[in-house]
Amino acid sequence: MAEITASMVKELREKTDAPMMECKKALTEANGDLAKAEEILRVKLGNKATKAASRITAEGMVGLYLSADRKLGVLVEVNCETDFVAKNDDFQAFAKAAAELIAKDNPADVAALSALNMGAATVEATRTALIGKIGENLSIRRFTRVVAQGTLTSYVHGGSKIGVLVDVSGGDEQLGKDLAMHIAAAKPKSLDASGVPAELVETEKRIAVEKAREAGKPEAMLEKIAAGSVQKYLKEVTLLGQIFVKDDKLTIEQLLKNKAAKVAGFSLYIVGEGLEKRKDDFAAEVAAQAAAAAAKK
């Protein structure tokens, strides 16, 4: 039996908001496996037992590029340590310049991007110099470059903490804007069910079976109940299945049909998604910034 430490309980509680004793019980049952313990809590407590998927856990911004003809678009996530730096003009200029460079040169990955020239120096050299100037680590985490089948619409939200590109054929300009804002708000995982990872579907099915079993449902009904739960889940996490945020009587699929339009795909970036945020004491952070400023004088 694995030892269940206080730090493990704390980590699970931060991920799920579940009561401390429930976290400890789940970890004990899961033999210390955090992912399995989170799944156990979801069976017992429902979807209230997880917030990790949508929690923003690191600082930075999403740099955006959109061509004048709206046929080419880029999202790039650039991370830093504090929100203070995320609002820095030089940091924001670096993120936007990176997006423009990706659009122009189409690098294969972050390593290839880092080797490109950004003005008189490489992206990597520019990043390193900016670290020295700002006094905080920063990195380019990921990017996507989209060539549209139709027309791209972009949307950024929350001080560039969320960035969206959506590729729409047909409809009108307002439809593109509505879809981009919907994606930012509803955060679909894919366009349709075919894009949802199989492991997520299996997890939902397993949770549904266990919840039904704990509720005393007959074994013969468990698979049917689970199938219904999975279908409900797929509607909630796929763009076409979701209820339109501006009209709760319409799904996105119905909206597109009404507008004689089609979505070829979309990209959604949420800054820090899946990353662990640095947990500094605010007073210590301010003191450190003051000391760094004094050292430069």
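Residues numbered from 1 in each chain as written. Predicted model: local features only at pLDDT ≥ 70, side-chain atom pairs only at ≥ 80, totals over all residues. Heavy atoms only, no water.

Colleague: Sorry, what's going on with helix α1 (residues 6-16) here?
Modeller: An α-helix turns once per 3.6 residues; consequently, residues spaced three or four apart project the same way. Within α1 the residues assigned to the buried category are M8, V9, L12 and T16. Along the axis of α1, the buried positions cluster into a sector of 100°, meaning they face one direction only. In this structure, α1 carries A6 and S7 as exposed residues pointing more than 90 degrees from its buried face. (Buried < 20%, exposed > 50% of the residue type's maximum accessible area, 1.4 Å probe, protein only. Helix = DSSP H or I, 4+ residues; strand = E, 2+ residues; numbered from the N terminus. Arc of directions from axis to C-beta.)

Colleague: Please clarify how the pattern of salt bridges should be interpreted in this entry.
Modeller: Pairing between side chains becomes possible if they bear opposite charge and their charged atoms approach one another. Inspection of the entire model under this criterion finds 17 salt bridges. Among the ionic pairs, E210 bridges to R213, the shortest N-O distance being 2.8 Å. Taken together, the positions of E210 and R213, both in helix α9 (residues 198-214) and three residues apart, correspond to about one turn of that helix. Owing to a relative accessible area of 36%, R213 belongs among the partly exposed residues under this scheme. Through salt bridges with shared partners, a single ionic network connects E59, D83, K87 and K161. (Salt bridge = Lys/Arg side-chain N within 4 Å of Asp/Glu carboxyl O.)

Colleague: Explain the sheet that holds strand β7 (residues 162-169) here, please?
Modeller: Strand pairing within a sheet occurs via backbone hydrogen bonds; the two strands may be parallel or antiparallel. Strand order in the open sheet made by the three strands is β6-β7-β8, with antiparallel pairing throughout. Among the strands making up the open sheet, the edge pair consists of β6 (151-157) and β8 (262-270). For this sheet the average axis-to-axis angle between neighbouring strands, irrespective of direction, equals 15°. (Pairing = 2+ DSSP bridges. Axes fitted to C-alpha atoms, helices over the stretch in contact; angles between N-to-C directions.)

Colleague: What am I meant to see in the nonpolar core here?
Modeller: Across soluble globular proteins, nonpolar side chains show a tendency to be buried alongside one another. In this structure, F91 and F94 are the most contacted members of the largest nonpolar core, which totals 24 residues. When residues of this core are traced back to their parent elements, those giving at least two are β2 (72-80), α4 (83-86), α5 (89-105), α7 (123-134) and β5 (138-147). It is α5 that contributes the most residues to this core, eight residues altogether. Excluding residues within four positions of it along the chain, F94 makes contact with V78, M118, V123, T126, R127, L130, L138 and I140. (Core = buried A, V, L, I, M, F, W, Y, C linked by side-chain atoms within 4.5 Å. Contact = heavy atoms within 4.5 Å.)

Colleague: Is there a simple way to think about unusual backbone geometry in this case?
Modeller: Backbone geometry follows two general trends: most residues other than glycine have a negative phi, and most peptide bonds adopt the trans configuration. Notably, N31 is not glycine yet its phi reads approximately 55°, a positive angle. Assignment of secondary structure puts N31 in the loop between α2 (20-29) and α3 (34-45). Overall, N31 belongs to the partly exposed group, its relative accessible area being 42%.

Colleague: Please clarify how the packing of α9 against helix α10 (residues 219-237) should be interpreted in this entry.
Modeller: For any two helices packed against each other, the geometry comes down to the angle between their axes and how far apart the axes lie. Packing of α9 against α10 brings their axes to within 8 Å, and their N-to-C directions diverge by 135°. Classified by the interaxial angle, the pair formed by α9 and α10 is oblique. Every pair of crossing elements has a handedness; the one defined by α9 and α10 is right-handed. On α10, the residues that touch L200, V201, E204, K205, A208, V209, A212 and R213 of α9 are E219, L222, E223, I225, A226, S229, V230, Y233 and L234. Of the residues that constitute the contact of α9 with α10, the class distribution is 11 nonpolar, one polar and five charged. (Parallel < 35°, antiparallel > 145°, perpendicular 65-115°, else oblique. Left-handed = near helix turned anticlockwise from the far one by under 90°. Nonpolar A, V, L, I, M, F, W, Y, C, P; charged D, E, K, R; others polar.)

Without other data, these values stay purely geometric and don't point to any function.
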